[in-house]
Amino acid sequence: MTRENETLPPQNIEAEQHVLGAILLDGEILPEVRAILKPEHFYRNGHRLIFEAYCRLYDSDSPIDILTTVDSLRVLGLLDRAGGPEIIAGLADNVSSAARAPSHAKMVSAAAYRRRLIEVGHSISERARDESQPLGEITGDAIAAIDEATGTGRPRIEIISAAELDRMDISK
């Protein structure tokens, strides 16, 4: 693992750009991409703002293209924060087809999922260091936090219940 991998959160900027470029090429792909991605999955805030603009345009039955996207962001005062018209215009430059957008959207989603797990892990670690908190409470909250982060549902097997952990005398 390189030093860069240790400090930068998981991200896939190229996949983000490909997803956004694909939607510019074919706005009809947006519902399929939306089933995979939420705006908060984008690592770059500018990409998040552009995706939100696409969603607003689609929801209002407006075409998704460079001009409508730029105008939508300009009206809301978000164009500069999104990177400006040049960034939006360049999104489709390296995308030849929208067909791979769902695959690229899954890559963006996976990076967001990893970022969320890291956040949850840090939170669990901090709480576990606080010896004044009951182990059962920390464990239950950790399970709930992982469940919320992953959306996979509560683990089916719990080796030691939260109440059992609170009763355990592990100081010996």
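So, how was this worked out
- Residue positions are given per chain, counted from 1 along the sequence in the order it is written.
- Totals for whole chains, interfaces and linings use all residues, but because this is a predicted model, local features are given only for residues with pLDDT of at least 70 and pairs of side-chain atoms are given and counted only at 80 or more.
- To obtain the side-chain values, all non-hydrogen atoms of the structure were used and water was disregarded.
- Helix and strand labels come from DSSP, where a helix needs a run of H or I of at least four residues and a strand needs a run of E of at least two; each type is numbered from the N terminus.
- The span one expects for a helix is its residue count, reduced by one, times 1.5 Å.
- For every residue, the accessible area (1.4 Å probe, protein chains only) is compared with the maximum for its type, and the residue is labelled buried under 20%, exposed over 50%, or partly exposed between those bounds.
- The criterion used for residue contact is that any of the two residues' heavy atoms lie within 4.5 Å.
- Grouping into patches uses exposed residues only, defined as over 30% relative accessible area, and leaves out salt-bridged ones; the cut-off is 9 Å for like charges and 5 Å for nonpolar side chains (Val, Leu, Ile, Met, Phe, Trp, Tyr).
- Residue burial considers only the protein chains on display, and all accessible areas are found by Shrake-Rupley using a 1.4 Å probe.
- We define a salt bridge as a side-chain nitrogen of Lys or Arg found within 4 Å of a carboxyl oxygen belonging to Asp or Glu.
- Two rings belonging to Phe, Tyr or Trp (six-membered ring only in the last case) form a pair when the distance between their centres is within 6.5 Å. Interplanar angles under 30 degrees mark stacking, angles over 60 mark edge-to-face geometry, and anything in between is tilted.
- Every axis in this analysis is a line fitted to C-alpha atoms, fitted for helices over the stretch in contact. Angles between the N-to-C directions lie between 0 and 180 degrees.
- Orientation categories follow fixed angle ranges, with anything under 35 degrees roughly parallel, anything over 145 roughly antiparallel, 65 to 115 roughly perpendicular, and all other angles oblique.
- If you view the pair so one helix is near and one far, a crossing is left-handed when the near helix is turned anticlockwise from the far one by less than a right angle, and right-handed when it is turned clockwise.
- Gly falls in the polar group here, along with every residue not listed as nonpolar (Ala, Val, Leu, Ile, Met, Phe, Trp, Tyr, Cys, Pro) or charged (Asp, Glu, Lys, Arg).

Chemist: What should I look at first to understand helix 7 (residues 101–129) in this one?
Modeler: For an α-helix the count is 3.6 residues per turn, leaving residues at separations of three or four pointing the same way. Look at helix 7: 42 Å from first C-alpha to last across 29 residues, which is about the 42 Å you get at 1.5 Å a residue. Listing the buried residues of helix 7 in full gives Ala-101, Pro-102, His-104, Ala-105, Val-108, Ala-111, Ala-112, Arg-115 and Val-120. Check the buried side of helix 7 and you find it contacts helix 2 (13–25), helix 3 (30–34) and helix 8 (135–150).

Chemist: I would appreciate a short explanation of a nonpolar patch on the surface in the present structure.
Modeler: A contiguous nonpolar patch, built from Tyr-113, Leu-117 and Ile-146 and spanning about 230 Å² of accessible area, is present on the exposed surface. Mapped onto the fold, Tyr-113 is located in helix 7.

Chemist: Explain the packing of aromatic side chains here, please?
Modeler: The geometry of an aromatic ring pair comes down to the distance between the two centres and the angle between the two planes. Considering all chains together, one arrives at 1 aromatic pair under this definition. Ring plane angle 40 degrees and centroid distance 5.0 Å describe the contact between Phe-42 and Phe-51, whose orientation is recorded as tilted. Comparing Phe-42 with Phe-51, the two get one shared label, buried.

Chemist: Teacher, can you tell me more about the packing of helix 2 against helix 4 (residues 45–59) here?
Modeler: The description of two helices packed together rests on the angle between their axes and the distance between the axes. Where helix 2 contacts helix 4, the axes come no closer than 11 Å and their chain directions differ by 25 degrees. It follows that helix 2 is roughly parallel to helix 4 by the angle criterion. Here helix 2 runs over helix 4; the crossing is left-handed. Facing Ile-13, Glu-16, Gln-17, Leu-20, Ile-23 and Leu-24 of helix 2, the residues of helix 4 in contact are His-47, Ile-50, Phe-51 and Tyr-54. Within the contact of helix 2 with helix 4, the residues separate by chemical class into 7 nonpolar, 2 polar and 1 charged.

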